[in-house]
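Survey of secondary and tertiary structure
Chain by chain, the residues:
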Amino acid sequence: MNSAKEVAEFPYNSSLICYFEVDKSGNTAKIYHKNKSDRPCLLDAYKRAIAEEIVIYAVWLGRWSSDLFMIDDLDIFAKKFGLL
């Protein structure tokens, strides 16, 4: 698994990024972020991640393969989506 904060310019807002969350029981759920109206969903996920209820992951879709990243800098995540 990769670290999003270790990528110089991680493309948080790219259509090639798919976000999902994993809770402490291992349950997963997609985090929608296709347009500005998804801000409440992103904000809710951000707040739960800050409270350590979930961990946010991203899959960066590529032409030949996809890579998994942990969103390990929640401040940057929030800034990129205008949540702060």
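Worth saying up front: this structure is predicted, and the values here are computed from it rather than measured.

Side note on the state of the cysteines
The tally for this structure, following the rule as stated, stands at zero disulfides. Its sulfur unpaired, Cys18 is 12 Å from the next cysteine sulfur, which belongs to Cys41. By relative accessible area, which is 27% here, Cys18 ends up partly exposed.

Quick word on the pattern of salt bridges
Within this structure, the stated rule accounts for two salt bridges. Here Glu21 and Arg48 are joined by a salt bridge, their closest N and O atoms 2.6 Å apart. One end of the pair, Glu21, is in strand β2 (residues 17-23); the other, Arg48, is in helix α1 (residues 39-50), with 27 residues separating them in the sequence. Classification of Arg48 as partly exposed rests on a relative accessible area of 21%. Of the charged contacts, one joins Arg48 and Asp44 as a salt bridge, the two residues approaching to 3.0 Å between their closest N and O atoms. Of this pair, Arg48 and Asp44 both sit in helix α1, four residues apart, roughly one helical turn. According to the relative accessible area criterion, Asp44 is partly exposed, its value standing at 39%.

Some words on the nonpolar core
Of all hydrophobic cores here, the largest spans 20 residues; its most connected members are Phe10, Tyr12, Tyr19, Ile56, Ile71 and Phe77. Elements represented by at least two residues in this core include exactly β2, α1, β4 (54-61) and α2 (74-80). Of all the elements, α1 adds the most residues to this core, at four residues. Not counting the four nearest positions on each side in its chain, Tyr12 is found in contact with Ala4, Ile17, Tyr19, Ile71, Asp73, Ile76, Phe77, Lys80 and Phe81.

Overview of the sheet that holds strand β3 (residues 28-31)
Spatially, β1-β5-β4-β2-β3 is the arrangement adopted by the five strands of the open sheet, whose pairing is mixed. At either margin of the open sheet sits one strand with a lone partner, and together these are β1 (2-3) and β3. Where β1 and strand β5 (residues 66-70) come together, two bridges link them in parallel fashion. Counted as the bridge partner of Ser3 is Met70 from β5. Against the sheet, α1 contacts β2, β3 and β4, and its axis sits at roughly 125° relative to β4.

Thresholds, definitions, all that
Residues numbered from 1 in each chain as written. Predicted model: local features only at pLDDT ≥ 70, side-chain atom pairs only at ≥ 80, totals over all residues. Heavy atoms only, no water. Disulfide = S-S within 2.5 Å. Buried < 20%, exposed > 50% of the residue type's maximum accessible area, 1.4 Å probe, protein only. Salt bridge = Lys/Arg side-chain N within 4 Å of Asp/Glu carboxyl O. Helix = DSSP H or I, 4+ residues; strand = E, 2+ residues; numbered from the N terminus. Core = buried A, V, L, I, M, F, W, Y, C linked by side-chain atoms within 4.5 Å. Contact = heavy atoms within 4.5 Å. Pairing = 2+ DSSP bridges. Axes fitted to C-alpha atoms, helices over the stretch in contact; angles between N-to-C directions.

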